[in-house]
Amino acid sequence: MLKVDTIEMGTVVDHIKPGKGYKVLEILNIVEDYPHRVALMMHVPSKQGGTKDIVKIEGKIVDKSAADIIALISPGSTINIIKGEKVADKFKVELPDELENAGKCPNPNCITNSEKATNKFKKESESYRCYYCERIFKAEELV
Amino acid sequence: MNLISIRDIDSKDIEGILDHAEKIDNGKATVDLDGKILATMFFEPSTRTKLSFQSAAMRCGMEVLDFSPGTSSLKKGESFADTLKTVEGYADALAIRHPKEGAVRLASTVIKKPVVNGGDGGNQHPTQTLIDLFSIKKTKGRIKDLNITLLGDLKHARTMRSLVYGLGMFGANVTLVSPSGLEMDKKYLEEVNDKFGLNVKIDNKPDYSDADVLYVCRIQAERFADPYEAQSVMEKFRIKKADLKDAKEDLVILHPLPKINEIESSIDEMPQAKYFEQAHYGIPLRQAVLDYILR
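Residues numbered from 1 in each chain as written. Chains lettered and ligands numbered in written order. Predicted model: local features only at pLDDT ≥ 70, side-chain atom pairs only at ≥ 80, totals over all residues. Heavy atoms only, no water.

Examining the overall build of chain B
Inference 1: In terms of regular secondary structure, chain B is built from ten helices and nine strands.
Inference 2: Its C-alpha atoms put chain B at 55 × 45 × 40 Å along the principal axes.
Inference 3: Sequence separation of 24 or more characterises 74% of the internal contacts of chain B that already satisfy a separation of 6 or more.
Inference 4: Of the roughly 12800 Å² of accessible surface on chain B, 46% is carried by carbon and sulfur atoms. (Helix = DSSP H or I, 4+ residues; strand = E, 2+ residues; numbered from the N terminus. Contact = heavy atoms within 4.5 Å. Areas by Shrake-Rupley, 256 points an atom, 1.4 Å probe, with all protein chains shown as cover.)

Right, here's the structure in full:
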């Protein structure tokens, strides 16, 4: 059994789609020079069946806007905010109805990829429409 | 008021613009925008759209400022946004064409003056759609339940995408005929179907025997890797006079122009060919649009 120490203050992102844990770290901007402890567990057996990824990050509190981006690649993941080694808050990430100033339009000919603009996307069923070029994309394409 | 995408206006507004254009065309209405200034900002080549915006503005009593990107401070590195903020101070409304999709939407967030989209990349060309709907109404008297065949490169032509949306809104039966690989985006058709219950047929063979309206657009050779295949496909989809013998007698042929060789030139003289009238309808229609955005 793989065992990882508890964290004092930070965030545990649980129930991440298997294989997407590294992408969650990327979204949270956890790069080489991040000064605190970080654990990435991939393909961990899940009690709900199948496998999942988990990340534990010391020293970083994930907010709603970051959780919205995580939802794009792994809806249903849970965010556990840890304070004093205890879960202070817990919530499930959900695809937001609108995304603003987040994500990137995958259409290379969209004006937002060549001019300064605040990215905006609106949810239409399980997809997102770019406010500018009006094209529809799968949620995970925006990350 | 802006006019950026056909998605932004409902059928009631479209009918209002078409009715107004009809009255202008019949001499039963005029548009008085005396003292106002229209800036035309075309970052891509245009003949009909730019000139008809300018002509329509002049017929409404407006003055026209024409912006030329090639001789502007864009050449010195000025941004699109800064250019817009400057021109906004010189005009009451801006007609913009840009190669990037969403550029006119971005313009509407940067400036407060009304903007009208003269075509943004492969996305939208709403005034062309309104001209197309107007042309169909003028020549056939209605849009609902007509059999309308759109033929050509339906993947890349922005006019066709916007037009399918408008035809769906007004209840036409649409047949989409394109070479294999140049079909209209399925996601887009699903969207129109979800909104309006679009009655659509898709085909890769040029057949328009049932059509009341045949709307043709260009197939570009550069879309094909093999020049020989390009040549044979373009020939197969070319509209020839001889092919029209099986078509309905009162068929109307439309084309957004420019046409290169996709319609045999002898067809130009036939009563079915309405594409030059269609281009001329751009004047009353764009007069009605200028009135709509500046009202």
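Once you've had a look at it, read on.
Some words on the sheet that holds strand 2 (residues 63–67) of chain B
Residue and element names in this part refer to chain B.
Inference 1: If you walk across this open sheet you meet the four strands as 2-1-3-4, and the pairing is parallel. Since the sheet does not close on itself, it has two edges, and those belong to strand 2 and strand 4 (115–120), each with one partner. Geometrically, the sheet is characterised by an average inter-axis angle of 15 degrees between neighbouring strands, direction not taken into account.
Inference 2: Note that strand 1 (residues 37–42) and strand 3 (residues 93–98) share five bridges and pair parallel. Along strand 3, the bridge assignment pairs A39 with L94.
Inference 3: The strands touched by helix 2 (residues 48–59) are strand 1, strand 2, strand 3 and strand 4; relative to strand 1, the strand with the most contacts, the crossing angle is about 175 degrees. (Pairing = 2+ DSSP bridges. Axes fitted to C-alpha atoms, helices over the stretch in contact; angles between N-to-C directions.)

Details of helix 10 (residues 282–294) of chain B
Inference 1: Its 13 residues give helix 10 of chain B an end-to-end C-alpha distance of 18 Å, which sits within 8% of 18 Å, the value for a rise of 1.5 Å per residue.
Inference 2: In terms of burial, helix 10 of chain B is largely enclosed, as 13 of its 13 residues are buried. (Expected span 1.5 Å × (residues − 1). Buried < 20%, exposed > 50% of the residue type's maximum accessible area, 1.4 Å probe, protein only.)

So, the domain arrangement of chain B
Residues and elements named next belong to chain B.
Inference 1: Entries for chain B in the domain assignment read domain 1 (6–124 + 280–294) and domain 2 (126–279).
Inference 2: Using only C-alpha atoms to locate each centre, domain 1 and domain 2 end up separated by 25 Å.
Inference 3: On the domain 2 side, the residues contacting the 33 residues of domain 1 number 27 residues.
Inference 4: When domain 1 packs against domain 2, the two sides together hide about 2700 Å² of surface, and 63% of this comes from carbon and sulfur.
Inference 5: Counting the surface domain 1 buries against domain 2, the share from its top three residues, I6, R48 and Y281, is 28%.
Inference 6: In this assembly, domain 1 and domain 2 are joined by four salt bridges.
Inference 7: Between R158 and E44 there is a salt bridge; the shortest N-O distance is 3.7 Å.
Inference 8: Where domain 1 meets domain 2, there are 14 residue pairs in polar contact (both at pLDDT 80 or more).
Inference 9: Those elements that place two or more of their residues in the side of domain 1 that touches domain 2 are helix 1 (11–25), helix 2, strand 4 and helix 10. (Domains from an automatic or database assignment. Buried area = accessible area lost by both parts, 1.4 Å probe. Salt bridge = Lys/Arg side-chain N within 4 Å of Asp/Glu carboxyl O. Polar contact = N/O pair within 3.5 Å; in protein donor to acceptor, adjacent residues only side chain to side chain.)

Let's talk about the interface of chain B and chain A
Inference 1: Opposite the 19 residues of chain B that make contact, chain A presents 16 residues.
Inference 2: Carbon and sulfur atoms supply 44% of the area that chain B and chain A bury against each other, a total of about 1500 Å² over both sides.
Inference 3: Summed over the three residues of chain B that lose the most area to chain A, namely K100, E101 and L106 of chain B, the buried surface amounts to 40% of that side.
Inference 4: In this structure, E191 of chain B engages R129 of chain A in a salt bridge whose closest nitrogen and oxygen atoms are separated by 2.9 Å.
Inference 5: For the pair chain B and chain A, the interface holds twelve residue pairs in polar contact (both at pLDDT 80 or more).
Inference 6: Those elements that provide at least two residues to the side of chain B that touches chain A are helix 3 (80–88), helix 4 (103–110) and helix 7 (186–196) of chain B.

Quick notes on the packing of helix 1 of chain B against helix 10 of chain B
If you want to describe how two helices pack, look at the angle between their axes and the distance between the axes.
Residues and elements named next belong to chain B.
Inference 1: Their axes nearest at 8 Å, the elements helix 1 and helix 10 cross at an angle of 125 degrees. As summarised for this structure, helix 1 and helix 10 are arranged oblique, according to the angle between their axes. As helix 1 runs across helix 10, the sense of the crossing is right-handed. In this structure, helix 1 contributes D13, I17, L18, H20, A21, I24 and D25 to the contact, and helix 10 contributes P284, L285, Q287, A288, V289, D291 and Y292.
Inference 2: Taken together, the residues of the contact of helix 1 with helix 10 break down into nine nonpolar, two polar and three charged. (Parallel < 35°, antiparallel > 145°, perpendicular 65-115°, else oblique. Left-handed = near helix turned anticlockwise from the far one by under 90°. Nonpolar A, V, L, I, M, F, W, Y, C, P; charged D, E, K, R; others polar.)

Focus on the packing of aromatic side chains
Residue and element names in this part refer to chain B.
Inference 1: Inspection of every chain in the model, using the stated rule, returns six aromatic pairs over all chains.
Inference 2: With centroids separated by 5.4 Å and ring planes inclined at 80 degrees, the aromatic side chains of F43 and F80 adopt a geometry described as edge-to-face. In this pair, F43 sits in the loop between strand 1 and helix 2 while F80 sits in helix 3, placing the two residues 37 residues apart along the sequence.
Inference 3: Taking relative accessible area as the criterion, F80 reaches 3% and is therefore assigned buried. (Phe/Tyr/Trp six-rings, centres within 6.5 Å; stacked < 30°, edge-to-face > 60°.)

Observations regarding a negative patch on the surface
Inference 1: A surface patch of negative charge is lined by D203, D207, D210, D243 and D246 of chain B.
Inference 2: Examined against the element boundaries, D210 of chain B turns out to sit in the loop between strand 7 (199–203) and strand 8 (213–216). (Patch = residues over 30% accessible without salt bridge, like charges linked within 9 Å, V, L, I, M, F, W, Y side chains within 5 Å. Lys, Arg positive; Asp, Glu negative; His and termini not counted. Charge placed at Lys NZ, Arg CZ, Asp CG, Glu CD.)

Comments concerning the nonpolar core
Inference 1: With 60 residues, the main nonpolar core has I14, L130, L150, L167 and L285 of chain B as its most contacted residues.
Inference 2: In terms of residues, this core owes the most to one element, helix 10 of chain B, which gives seven residues.
Inference 3: Three or more residues apiece are contributed to this core by two domains, here domain 1 (6–124 + 280–294) and domain 2 (126–279) of chain B.
Inference 4: Sequence-distant contacts of L167 of chain B, that is, excluding residues within four places in its chain, are made with L133, I136, I143, I148, L150, A172 and V174 of chain B.
Inference 5: L99 and L142 of chain A together with M41 and I96 of chain B belong to the second largest nonpolar core, which has 51 residues in total. (Core = buried A, V, L, I, M, F, W, Y, C linked by side-chain atoms within 4.5 Å.)

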